[in-house]
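Fold and geometry: a report
Read off the chains here:
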Amino acid sequence: MNFRELNGVFAIFLLASFSFLAWAAPSQTPDALSKTVMNSSEKRNVFVEIGEPPEAWVRRYGKKVEINSKNHGLKFYGLDWTVKNPGQLIVRNRLSEFQLEAVLGAMGTFDDEYPGEGFSKIVITTNISQSETIAHDEARQKIFALLQKIRSAGWTRWIYPSDPRLSGEDAFRYQIAEDDTFYSLDSNYLPPLDVWMKLSDRSQWKFFLNDVAMSVRFSRDQDRMKPNLPGAYIVWIELISKNEMERSEFQGEERKKWKALYPGARKRQLSIRIEQEKKLQMQGYKIDVEYKNPDQ
């Protein structure tokens, strides 16, 4: 399973395991969604950063950190808030940072095989409004505002190396036509509402900065999809180190040799991109030849 597939699967696993989607767990009260939560004073100035050692979370947040070490080789460190009393959280990347409101949870993954790397993945789950429902057009505007905040913090678009380089309307047209939720949409383009409503659940935008990749995904209640009626949305942000992103291209014994093997894998990915782009040009798509992957 490569990085293109990994981030979506990991996020789906989180949703299934921790029931972050309020509409998916109607029998639970909001306060039952987490075991230990921070009060209003404790939730101020909470921040997360890829590469931080998990001990730093424990020092800062104490018993509020829930630790799961049942999986061999991996440890998960979680912070939780409630729907009624969500958290505020700062995403840091060296000198870059941006703040999230209405956060429901954050989970850091620590790999025992690479202890010097600290957290190799962090997934944050957040609402986009304080209420359970939100107008679809307002959700569109709020998610776009979040994407612009991320760009203003220095993050740039990242397209998986085997995927075609499409921008603006073409990127959305391709994602909808292919039903490809792994494709990185263009955060500089705000689609009209009718296009927004056609996007697949778990559509995403990908970014890169300082050897860290980020994906921003949204999910919405499929029973509340009428454009003129309120919907229900949730957003999750996954951060992953460049090393882990490259390692995820390999399995088994090959994973241990990822540093030597990755350049060859990247070369093959770029060859696939070229072939895809030739086919898409014949279908009327415009290839963004100015785009360069920021991790090159």
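What you see is a predicted model; the values in this text were computed from it and never measured. Residue numbering note: each chain is counted from 1, following its sequence as written. Residue-level local features of this predicted model are given only where pLDDT is at least 70; pairs of side-chain atoms are given and counted only at 80 or more, and the full residue set underlies all totals for whole chains, interfaces and linings. With hydrogens and water excluded, all non-hydrogen atoms of the structure serve as input to the side-chain values.

Attention now moves to the pairing of strand S10 (residues 233-241). The classification of residues rests on relative accessible area computed with a 1.4 Å probe and restricted to protein chains. Under 20% of the type maximum is buried, over 50% is exposed, and intermediate values are partly exposed. Counting from the N terminus, the helices are the DSSP runs of H or I reaching at least four residues and the strands are the DSSP runs of E reaching at least two. Counted residue by residue, S10 has 9 buried out of 9 residues, so it is predominantly covered. Relative to S10, strand S6 (residues 119-126) runs antiparallel, the two sharing 6 bridges. Counted as the bridge partner of valine 123 is glutamate 238 from S10. Any two strands with at least two DSSP bridges between them are considered paired. As paired strands, strand S9 (residues 212-220) and S10 are joined by 9 bridges and run antiparallel to one another. Counted as the bridge partner of arginine 217 is tryptophan 236 from S10.

To continue, consider helix H4 (residues 168-178). Where H4 is concerned, the buried positions are Gly168, Asp170, Ala171, Phe172, Tyr174 and Gln175. Tucked inside the fold, the buried residues of H4 contact strand S7 (156-157), helix H5 (193-196), strand S8 (204-209) and helix H8 (258-282). Aspartate 179 lies just past H4 and shows a positive phi near 50 degrees. Residues are treated as being in contact if the distance between any of their heavy atoms lies within 4.5 Å.

By the secondary structure assignment, aspartate 201 is in the loop between H5 and S8. Polar contacts involving the side chain of aspartate 201 include one to the side chain of serine 219, which spans 2.9 Å. In this structure the side chain of aspartate 201 is engaged in a polar contact, spanning 2.8 Å, whose partner is the backbone nitrogen of arginine 220. If sequence neighbours within four positions are ignored, aspartate 201 has contacts with Thr181, Phe218, Ser219, Arg220 and Gln222. Nitrogen and oxygen atoms within 3.5 Å of one another constitute a polar contact, given that in protein one can donate a hydrogen and the other can accept it, and given that sequence-neighbouring residues count only through two side-chain atoms.

Moving on to helix H2 (residues 54-61). Within H2, the full set of buried residues consists of Pro54, Ala56, Trp57 and Tyr61. On an axial view of H2, the arc spanned by its buried residues comes to 155 degrees, and they lie on one face. Buried residues belonging to H2 abut strand S1 (46-49), strand S3 (74-80), strand S5 (96-111) and S6. Once H2 ends, the next one or two residues include glycine 62, with phi positive near 55 degrees. To obtain the arc, one takes the directions from the helix axis to the C-beta atoms.

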